[in-house]
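What follows is the residue order along each chain.
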Amino acid sequence: MRSTPSTPAPSSTPATAADRPDQGLGRRTVLTSGAAAVGTAAVVGALAVPSAAAATGATGAAAAAAGTGSTVRPGDPRYAELTTGNNQRFVARPDYIRMIRSSADAERALKDAVRSGKRVSVRSGGHCFADFAVHPDAEVILDFSEMTHVGYDPRMRAFTVEPGARLLNVYEALYKGWGVTIPGGICYSVGAGGHIAGGGYGLLSRAHGLVVDHLYAVEVVVTDGRGGVRTVVATREEDDPHRDLWWAHTGGGGGNFGLVTKYWFRSPGATGTEPSRQLISPPSTVLVSAVDFPWDQLDERRFNRLLKNFGAWHAEHSAPDSPYRALSSLFNVSSRAHGSLGMFTQVDATVPNARELLDDYLAAITAGTGIRPQALTRPTGELPAMPQLAEPRTLPWLQATRLVGTNNPVITDPTSRGGHKSAYMRKNFTDHQLSALYKHMTRSDFTNPDTMLVLFSFGGQVNAVAPDATANAQRSSIFKMCFQTFWSEESEDDFYLGWLRELYEEFFAPTGGVPLIDDATDGCYINYPDRDVADPRRNRSGVPWQTLYYKDNYPRLQRVKRRYDPSDYFRHSMSIKPAKD
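None of the values given here were measured: they were computed from a predicted structure.

Cut-offs applied
- Residues numbered from 1 in each chain as written.
- Predicted model: local features only at pLDDT ≥ 70, side-chain atom pairs only at ≥ 80, totals over all residues.
- Heavy atoms only, no water.
- Helix = DSSP H or I, 4+ residues; strand = E, 2+ residues; numbered from the N terminus.
- Buried < 20%, exposed > 50% of the residue type's maximum accessible area, 1.4 Å probe, protein only.
- Contact = heavy atoms within 4.5 Å.
- Areas by Shrake-Rupley, 256 points an atom, 1.4 Å probe, with all protein chains shown as cover.
- Axes fitted to C-alpha atoms, helices over the stretch in contact; angles between N-to-C directions.
- Parallel < 35°, antiparallel > 145°, perpendicular 65-115°, else oblique.
- Nonpolar A, V, L, I, M, F, W, Y, C, P; charged D, E, K, R; others polar.
- Salt bridge = Lys/Arg side-chain N within 4 Å of Asp/Glu carboxyl O.
- Core = buried A, V, L, I, M, F, W, Y, C linked by side-chain atoms within 4.5 Å.
- Phe/Tyr/Trp six-rings, centres within 6.5 Å; stacked < 30°, edge-to-face > 60°.
- Expected span 1.5 Å × (residues − 1).
- Polar contact = N/O pair within 3.5 Å; in protein donor to acceptor, adjacent residues only side chain to side chain.
- Pairing = 2+ DSSP bridges.

Engineer: In this structure, what is going on with the overall build of the protein? I would like to understand it.
Structural biologist: A count of helices and strands for the protein gives 16 helices and 17 strands. Of all 581 residues assigned to the protein, the portion counted as buried reaches 59%. At a minimum sequence separation of 6, the contacts of the protein that also span at least 24 residues come to 74%. Per element, the accessible surface of the protein, about 21,200 Å² overall, is 50% carbon and sulfur.

Shown next as structure tokens:
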């Protein structure tokens, strides 16, 4: 992030949506940004982003109608598509779905639902691994997938992102428009709404922290439990009376406090008024590598050594000031049915000795294994085939982001059913853990290639932030894990969920089947929600699931919930409960 002479920050006085419009320099989406021309006066003046109605010259009642999203009811051909999500295991049968187009539209839709006594669920339009957005009790789904604006607000001196924007569109708009970005995830189709609320991380996080470490403000439509509905803007300013509501959206998870209609991003310490200096800049170029470790070269000893090498490297190089914080790696430890394990690594090509950092990392991963890495010639999990990267290659950052992010054939299959479980690791794997992993990944009766343990580099600048500074409390891990498998038929649910549960619970058998908050593990990630950890038959540790996800931050989240949603109107299978008086 570049710096310029300081200017006073904008007032943190609470504002409604009408008080604080999203102004100036907008990029609607990647598909439409090229057509938008905004005059230079927008930088200094208060220029409201035109609505769809204003763009067509509509006024009065016509303008209000244009700003109101569709209502989709049973019998509408869109209904089936809008009553399920990324994971086809979960389906809702609501009275209707409301497509939301603006903050005012969200407020109207919530008033309608509250006053008619209907239970709502909230969806930004991207991914949800569990049943938070679609479940049988939802009578109304409020869908924000049409709210996709990405822009710059000079009054807030911050970049705006609406909840329906997909991550790749966010990266494209921010980078093409201003040369900045947020350190978010690699999958293009993840919706900003839930990704941000849960914390958000990606290949730039070791260098720049979590997405929420750059969150300046959030706009939320809330209800008071007595039928009242209002829109609140909460900032991270110390004197903001709504600061706790901002804090709750820095890792508290989606669907808990109200309807998020807008996020603002400004990196801590940003100064001046130049937009390009308000948020981190990605590397101009990155050095990338994609390699394959074939299963036919692996026995249990080599498998264990390979994974212990990964863990040992991250244990050594995860300090906030590590020279390796510019390097991040995603390692898909796929089942033997897939045929190989795939690993993608990215390092900032502009740092000194970038190629040496990458070469040392790749050598450390394979040390003592005798494995000969090969080209990544077939997709694996979130990674597409990338045979051209068997030899490391320098690419422009946005080009590399598109290469990895636009072709996730397994994770983005709209017909798939999935199971997901997570853990943060503070230490390397134990022999017991690797024995359980090898056993289940090589089972003779398991023939599903779309199964993997995803290992993702963590630490670095993520660990430079105090656990209570944001709602995301996991600030001392070295890598993150996601156990996942995908299948297509409902009749196979019991088999695949059974396999996943057996692996996870055996992996963490010494701690009651879950990753505890201790010196070896640091609980779970709320954006990979798993209802099993709330089931005492599966979580035998005696530790509440809320502690595994939120640690010591849960009581504060409960107090925020009591203030902004006292009647627990916004709730799902793993929602935060209001603190008791």
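Engineer: Would you take a moment to explain unusual backbone geometry for this structure?
Structural biologist: A negative phi holds for most residues other than glycine; trans holds for most peptide bonds. Residues other than glycine seldom take positive phi values, yet N353 does so here, at roughly 60 degrees. Following the sequence through the fold, N353 ends up in the loop between β12 (340-348) and α11 (354-366). Residue class for N353 comes out exposed when judged on its relative accessible area of 51%. Of note in this structure, K551 is not a glycine but carries a positive phi near 55 degrees.

Engineer: Sorry if this is basic, but what is going on with the packing of helix α10 (residues 300-316) against α11 here?
Structural biologist: The packing of two helices is summarised by the inter-axis angle and the distance between the axes. Closest axis-to-axis distance for the α10/α11 pair is 7 Å, and the angle between their directions is 135 degrees. What the angle tells us is that α10 and α11 run oblique. On α11, the residues touching L306, N309, F310, W313 and H314 of α10 are Y361, A364, I365 and T366. Residues of the contact of α10 with α11, tallied by class, amount to 6 nonpolar, 3 polar and no charged.

Engineer: I'm lost on the environment of L279 in this one. Help?
Structural biologist: Inspection of the secondary structure puts L279 in the loop between β9 (259-265) and β10 (285-294). Linking L279 and R266, residues 13 residues apart in sequence, is a C-alpha distance of 5.2 Å.

Engineer: Looking at this model, I keep getting lost on the pattern of salt bridges. Mind explaining?
Structural biologist: Pairs may arise between side chains of opposite charge once their charged atoms sit close together. On inspection of all chains with the given rule, the structure shows 35 salt bridges. A salt bridge links D112 to R98; its shortest N-O distance comes to 4.0 Å. Taken together, the positions of D112 in helix α5 (residues 103-115) and R98 in strand β2 (residues 96-99) put the pair 14 residues apart, joining distant regions of the chain.

Engineer: Help me understand the nonpolar core in this model?
Structural biologist: In a soluble, globular protein the nonpolar side chains are often hidden away together inside. In this structure, L307, F331, L455 and M481 are the most contacted members of the largest nonpolar core, which totals 134 residues. Those residues in contact with M481 that sit more than four places away from it in its chain are K421, S422, A423, M425, F429, L453, V454, L455, F507 and F508.

Engineer: Before we go on, may I ask you to explain the packing of aromatic side chains in this structure?
Structural biologist: Any two aromatic rings considered together are summarised by their centre-to-centre distance and by the angle between their planes. Considering all chains together, one arrives at 35 aromatic pairs under this definition. Taking 6.3 Å as the distance between ring centres and 65 degrees as the angle between the ring planes, the aromatic pair formed by F483 and F508 counts as edge-to-face. Pair noted here: F483 is in strand β17 (residues 479-487) and F508 is in the loop between α14 (493-507) and α15 (545-550), with a separation of 25 residues, a long-range link. Exposure remark for F483: the relative accessible area of 1% places this residue in the buried category.

Engineer: What is the right way to read α10 from this model?
Structural biologist: An α-helix turns once per 3.6 residues; consequently, residues spaced three or four apart project the same way. Taking 1.5 Å per residue, 17 residues should reach 24 Å; α10 reaches 24 Å between its end C-alpha atoms and fits that length. What α10 keeps buried is the set F303, N304, L306, L307, N309, F310, G311, W313 and H314. Between the side-chain oxygen of the N-cap and the backbone nitrogen of R301 there are 3.2 Å, and the N-cap of α10 in question is D299.

Engineer: What is the right way to look at the environment of L204 in this model?
Structural biologist: Its location among the elements puts L204 in the loop between α7 (192-197) and α8 (205-208). A relative accessible area of 8% means that L204 is categorised as buried. It is 9.6 Å that separates the C-alpha atoms of L204 and Q461, two residues lying 257 residues apart in sequence. With near-sequence residues (within four places) excluded, L204 lies in contact with T181, P183, G209, P282, P283, Q346 and W397.

Engineer: Would you mind showing me how to read the packing of helix α6 (residues 167-178) against helix α12 (residues 397-405) here?
Structural biologist: Two elements in contact, α6 and α12, have axes whose closest approach is 11 Å; the angle formed by their N-to-C orientations is 170 degrees. It follows from the interaxial angle that α6 and α12 lie roughly antiparallel. Of the residues in α12, those touching α6 at L168, Y171, E172, Y175 and K176 are W397, L398, T401 and R402. Among the residues making up the contact of α6 with α12, the classes are represented as 5 nonpolar, 1 polar and 3 charged.

Engineer: Explain the side chain of Q558 to me, please; I cannot follow it from the model alone.
Structural biologist: By the element assignment, Q558 lies in helix α16 (residues 554-564). Given the relative accessible area of 19%, Q558 is considered buried. Those residues in contact with Q558 that sit more than four places away from it in its chain are I576, K577, P578 and A579.

Engineer: When you look at the sheet that holds strand β6 (residues 158-161) in this model, what are you seeing that I'm missing?
Structural biologist: Strands in a sheet are paired, the pairing made by backbone hydrogen bonds, and the direction either parallel or antiparallel. Strand order in this open sheet of 5 strands is β5-β6-β9-β7-β8, and the pairing throughout is antiparallel. Of all strands in the sheet, those with a lone pairing partner are β5 (150-153) and β8 (229-235), marking the two edges. Put simply, the sheet's adjacent strands are angled 25 degrees from each other on average, direction ignored. Two elements, strand β7 (residues 215-223) and β8, share 7 bridges in a ladder whose sense is antiparallel. Note that in β8 the partner of E219 across the bridge is V233. Along the sheet face, α6 touches β5 and β6 and points at about 45 degrees away from the line of β5.

In short, geometric facts, not functional conclusions.
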